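Descriptive analysis of the structure
Here is what each chain is made of, one letter per residue.
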Amino acid sequence: MDTFAEILLVAGSALAMIGGIGVVRFDDLFSRMHAAAKAPTLGLILVAIGAAIEIGTVLAATTLVLVVILQLLTSPVGAHALSRASRRQMTIDLDDVDQLTADEQSASDS
Amino acid sequence: MNVLALVLLSIGAAGFMFRLLRGPSLPDRVVGLDGLLSIVVIGIIVAAARSGSGGITIETVLVAVFVGFVGTTALSRFIERRGN
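Attention here is on the structure that accompanies the text.

What counts, and at which threshold
- Residues numbered from 1 in each chain as written.
- Chains lettered and ligands numbered in written order.
- Predicted model: local features only at pLDDT ≥ 70, side-chain atom pairs only at ≥ 80, totals over all residues.
- Contact = placed C-beta atoms within 7 Å.
- Helix = DSSP H or I, 4+ residues; strand = E, 2+ residues; numbered from the N terminus.
- Nonpolar A, V, L, I, M, F, W, Y, C, P; charged D, E, K, R; others polar.
- Core = buried A, V, L, I, M, F, W, Y, C linked by C-beta atoms within 7 Å.
- Buried ≥ 20, exposed ≤ 12 C-beta atoms within 10 Å, placed from the backbone.
- Expected span 1.5 Å × (residues − 1).

Time to look at the interface of chain A and chain B. Frequently, the measure chosen for interface size is the accessible area that the parts lose on association. In this complex, chain A contributes 44 residues to the contact, which on the side of chain B involves 46 residues. When residues of the side of chain A that touches chain B are traced back to their parent elements, those giving at least two are helix H1 (2–25), helix H2 (29–55) and helix H3 (58–89) of chain A. Counted by class, the side of chain A that touches chain B contains 27 nonpolar, 13 polar and four charged residues.

As structure tokens, this is what we get:
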């Protein structure tokens, strides 16, 4: 059981590291946001499960469940607020077709 | 084994720190700050599991998650109002 907990700790940390690498290597704001918002959240869930197994008290497990729920609720909200604000306020160089601008133009034409 | 987890977290923190220092725009820096704080949260949990005791170490994480959310949202409002 202890080995399982340590595997979970290392796997979650590796996911957080993958998020950090993606933030460096992607060359588009929204791609970076995609790497930074999702991978560390799953990493936090894995690490919390591993730490709850390794510590083994009910108080620690309850607090970790609370932390995971809080992160799952707040991480998408923060990422959405940030992407909405930057999409509205700034000109961002995308690496592909900007479908949202085309849709908005066709909606305002009709 | 826990040391390996901390080493991996350090590599990830270096990536987020790079984006925080050298983001071309303000939202890039916000992405770096947010990710750095989630790395810190994961690191505190790993350190608590390493010491083997829950207690006040775990409760620090709750505060850190809240601070990260409030900071990201406040900076988003700032960007939405002022631009760039």
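In terms of nonpolar packing, the biggest core is built from 49 residues, with Leu9(A), Val47(A), Ala48(A), Ala51(A), Leu9(B), Ile42(B) and Ile45(B) touching the most fellow members. Sorting the residues of this core by element identifies H1, H2 and H3 of chain A together with helix H1 (2–21), helix H2 (26–51) and helix H3 (56–82) of chain B as the ones contributing at least two each. Per-element accounting of this core gives the leading share, 14 residues, to H2(A). When residues no more than four places from it in sequence are discounted, the contact partners of Ala51(A) are Leu9(A), Leu64(A), Ile45(B), Ala48(B) and Ala49(B).

Its 26 residues place the ends of H2(B) 38 Å apart at the C-alpha level, agreeing with the 38 Å of an ideal helix rising 1.5 Å per residue. Remark: Gly52(B) follows H2(B) within two positions and exhibits a positive phi of approximately 80°.

Helix length check: H3(B), at 27 residues, gives a terminal C-alpha distance of 39 Å against a target of 39 Å (1.5 Å per residue), a fit within 8%. For H3(B), the set of buried residues is Ile58(B), Val61(B), Val65(B), Gly68(B), Phe69(B), Thr72(B), Leu75(B), Ser76(B) and Ile79(B). Packed against the buried residues of H3(B) are H3 of chain A together with H2 of chain B.

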